Amino acid sequence: MRCNSIEVSTKQQRIATLAKQSPDMAFTSLAYLVDLDWLFEAYHQTRKTGAAGVDNVTAAEYEQDLEGNLQRLLERAKSGSYRAPPVRRVYIPKGTSTDEVRPIGIPTLEDKILQRAVVMLLDPIYEQDFLDCSYGFRRQRSAHQALESLWKQTMDIKGGWILEVDIRKFFDHLDHKFLRNFIQHRVNDGVLKKLINKWLKAGVMEDGNVSFPESGSPQGGVISPLLSNVFLHYVLDVWFEEVVKPRLGSDAFLIRFADDFAIGFRSERDARRVMEVLPKRFEKYGLTLHPEKTRLVCFERPSSSADENDSNSGKGTSGTFDLLGFTHYWGKSRQGNWVVKRKTSSSRFTRAITKVAQWCRLNRHLPVSEQQLKLRQKLHGHYAYFGIRGNYAAIARFKFEVHRRWHKWLNRRNRQRELTWDKFNALLKRYPLPAARIVRPRPIFRPKLYSKTVF
């Protein structure tokens, strides 16, 4: 497959260097950099195993004339004749409830490729602008680095006060007018602006009917995370750093991963002032905060005489808060010191077990060896994210609950032959599941994770 990654990377490096040297400059000419090699690289970076969009074209079909298809896509994009097709809307269960569902969009493969090509142009620019408090959907940044930074900064201020924030349906209510204004600060290329505008206006197909939402980011689009980061960069990150922090009386910090974020304060007075003004700030840009899920938590380090069980339950001098799937609380280290600990949040734990149970129910008639292989993958994936130091009890319990669900649905394969626990334990010796293990070590804060100009 034709691809010149080195040439594409060189172009990205030039964009990044220029963006760093001129932080106030709007790029007026970027689309000329996109050529056939650029689209080949975009195709290479596009996931090809997902469901097909409204045109039902799969990657295997597209590859039959890959160079010709990409050449025609390039010509349509640059001439302005490209039309963003509607995304196909499907629904998946939301959380642990079977009644609530979450809509997701499935773009066409060709739309994904072109969006990836534009993201490859914009990423080098915005990586120079985005602040260190932002971690979601960025190069060389991850949720665990956000958790690591959160751990370090809460330890530094001895807990303080944590503002746990939930933006109500952020991706559905993202205001297009404000987003276009924000993008224009750095990108004033006509071709790119028209493409982004087409994706914002692209319809949503559901049951054969197409609707055109007036707000929200492109559903399921490759470009959606970047646009969302740009929006919150101006609405939240820059505002907090340049407007809020200089007015506070003591230390404060912000940790954001996409639309999930928490703000820490050393002072209760500062925390309550920001909690009062934050809803007004978001309302100005068409967003609202969830009144029940947004709360201020006293997270001060417990006194030396406080009981650890009280701290863990949130009944003592310090409360708990959730971020990125973990509940954060104060606990005693092996040396007897109070430290911030993390455990799998109850909602994420229940959601993960529910998904395993549903899979076991739907696939209980598969050969046991195939079931074992899939369950091993699910457990390894769970350990990879939740297997952090101090969370062993939660991941060990997760494995125990997986055993219970697997036994339950294997037992229902043949109601006339009961699968006793003795028989199931014998089966586990032949088809074992991976033991719970800690994958990630103790948090070690690294203030410089990468160079902003490296691409």
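Residues numbered from 1 in each chain as written. Predicted model: local features only at pLDDT ≥ 70, side-chain atom pairs only at ≥ 80, totals over all residues. Heavy atoms only, no water.

A.B. asks: Please clarify how helix H15 (residues 392-411) should be interpreted in this entry.
C.D. replies: In an α-helix there are 3.6 residues to a turn, and that puts residues three or four apart on one side. The end-to-end C-alpha distance of H15, which contains 20 residues, comes to 29 Å, matching closely the 28 Å that a straight helix rising 1.5 Å per residue would cover. What H15 keeps buried is the set Ala394, Ile395, Phe398, Lys399, Glu401, Val402, His403, Trp406, His407, Trp409 and Leu410. If you follow the buried residues of H15, they end up packed against strand E11 (338-344), helix H13 (346-362), helix H14 (368-386) and helix H16 (421-430). (Helix = DSSP H or I, 4+ residues; strand = E, 2+ residues; numbered from the N terminus. Expected span 1.5 Å × (residues − 1). Buried < 20%, exposed > 50% of the residue type's maximum accessible area, 1.4 Å probe, protein only. Contact = heavy atoms within 4.5 Å.)

A.B. asks: How should I be thinking about the packing of helix H2 (residues 36-45) against helix H4 (residues 66-79) in this particular structure?
C.D. replies: Packed helix pairs are specified by the crossing angle of their axes together with the interaxial distance, meaning the distance between the axes. The geometry of H2 relative to H4 is characterised by a closest axis approach of 10 Å and an angle of 115° between their N-to-C directions. Taken together, the axes of H2 and H4 are roughly perpendicular relative to one another. Note that H2 runs across H4; the crossing there is right-handed. Across the interface between the two elements, Leu36, Leu39, Phe40 and Tyr43 from H2 touch Leu66, Glu67, Leu70, Gln71, Leu73 and Leu74 from H4. The residue inventory of the contact of H2 with H4, partitioned by class, reads 8 nonpolar, 1 polar and 1 charged. (Axes fitted to C-alpha atoms, helices over the stretch in contact; angles between N-to-C directions. Parallel < 35°, antiparallel > 145°, perpendicular 65-115°, else oblique. Left-handed = near helix turned anticlockwise from the far one by under 90°. Nonpolar A, V, L, I, M, F, W, Y, C, P; charged D, E, K, R; others polar.)

A.B. asks: Explain the packing of aromatic side chains to me, please; I cannot follow it from the model alone.
C.D. replies: Geometrically, a pair of aromatic rings is defined through the distance of the ring centres and the angle of the planes. Under the counting rule described, the total for this entry stands at 18 aromatic pairs. Arranged with centres 5.0 Å apart and planes meeting at 80°, the rings of Phe299 and Phe321 form a pair that is edge-to-face. Here Phe321 lies in strand E9 (residues 321-323) and Phe299 lies in the loop between strand E8 (295-298) and helix H12 (308-313), a separation of 22 residues in the sequence. No difference in accessibility class separates Phe299 from Phe321, as the two residues are buried. Ring-pair connections join several aromatic residues into one group, and the members of that group are Phe170, Phe171, Phe178, Phe182, Phe231, Tyr234 and Tyr285. Cation over ring: Arg141 sits above Tyr135, and NZ or CZ is 4.5 Å from the ring centre. (Phe/Tyr/Trp six-rings, centres within 6.5 Å; stacked < 30°, edge-to-face > 60°. Lys NZ or Arg CZ within 6 Å of the ring centre and 35° of its normal.)

A.B. asks: Help me understand the packing of helix H8 (residues 176-184) against helix H10 (residues 224-244), please; the structure alone is not making it clear to me.
C.D. replies: Close contact between H8 and H10 brings their axes to 10 Å; oriented N to C, the two are set at 85°. Accordingly, the angle class assigned to the pair H8 and H10 is roughly perpendicular. Where H8 abuts H10, its residues Phe178, Leu179, Phe182 and Ile183 lie against Leu227, Val230, Phe231, Tyr234 and Val235. Partitioning the contact of H8 with H10 into residue classes produces 9 nonpolar, no polar and no charged.

A.B. asks: Which parts of the structure should I look at to understand empty space enclosed by the protein?
C.D. replies: Think of a ball as big as a water molecule: rolled over the atoms, this probe shows where empty space is left. A complete count under the given rule lists 4 cavities of 30 Å³ or more for this structure. Within this model, the largest cavity holds a volume of roughly 70 Å³. Around the largest cavity sit Ala31, Val34, Leu74, Ala77, Lys78, Leu114, Ala117, Val118, Leu121, Val191, Leu192 and Leu195, which together line it. Listing elements by their share of the lining of the largest cavity, those giving two or more residues are H4, helix H5 (109-129) and helix H9 (190-201). For the lining of the largest cavity, the per-class residue count stands at 11 nonpolar, no polar and 1 charged. (1 Å grid on protein atoms, 1.4 Å probe; cavity = no way out; pocket = protein on both sides within 12 Å on 5 of 7 lines; lining within 4 Å. Points joined across faces, edges and corners; volume = space filled by probe spheres on them.)

A.B. asks: Before we go on, may I ask you to explain the sheet that holds strand E3 (residues 161-165) in this structure?
C.D. replies: Where strands meet in a sheet, backbone hydrogen bonds hold them as pairs that are either parallel or antiparallel. Read across the open sheet, the 4 strands follow the order E6-E7-E3-E8; overall the sheet is antiparallel. Strands with a single pairing partner mark the edges of an open sheet, and in this sheet they are strand E6 (252-257) and E8. When strand polarity is set aside, the average angle formed by the axes of neighbouring strands in this sheet is 20°. Alignment of E3 against strand E7 (residues 260-265), held across 5 bridges, turns out to be antiparallel. In the sheet register, Leu163 faces E7, and the bridge partner there is Ile263. (Pairing = 2+ DSSP bridges.)

A.B. asks: So what exactly am I meant to see when it comes to the nonpolar core here?
C.D. replies: Among soluble globular proteins, nonpolar side chains are generally buried collectively. Counting residues in each nonpolar core, the largest one holds 79 residues, and the members touching the most others are Leu70, Leu278 and Phe282. Trp151, Ala258, Phe349 and Ile395 belong to the second-largest nonpolar core, a separate cluster that totals 48 residues. (Core = buried A, V, L, I, M, F, W, Y, C linked by side-chain atoms within 4.5 Å.)

A.B. asks: What's the story with the environment of Gly136 in this structure? I'm lost.
C.D. replies: Along the chain, Gly136 turns up in the loop between H5 and helix H6 (143-156). The exposure class of Gly136 is buried, given its relative accessible area of 0%. With residues up to four places along the chain from it excluded, the contact list for Gly136 reads Asn229, Arg256, Phe257 and Ala258.

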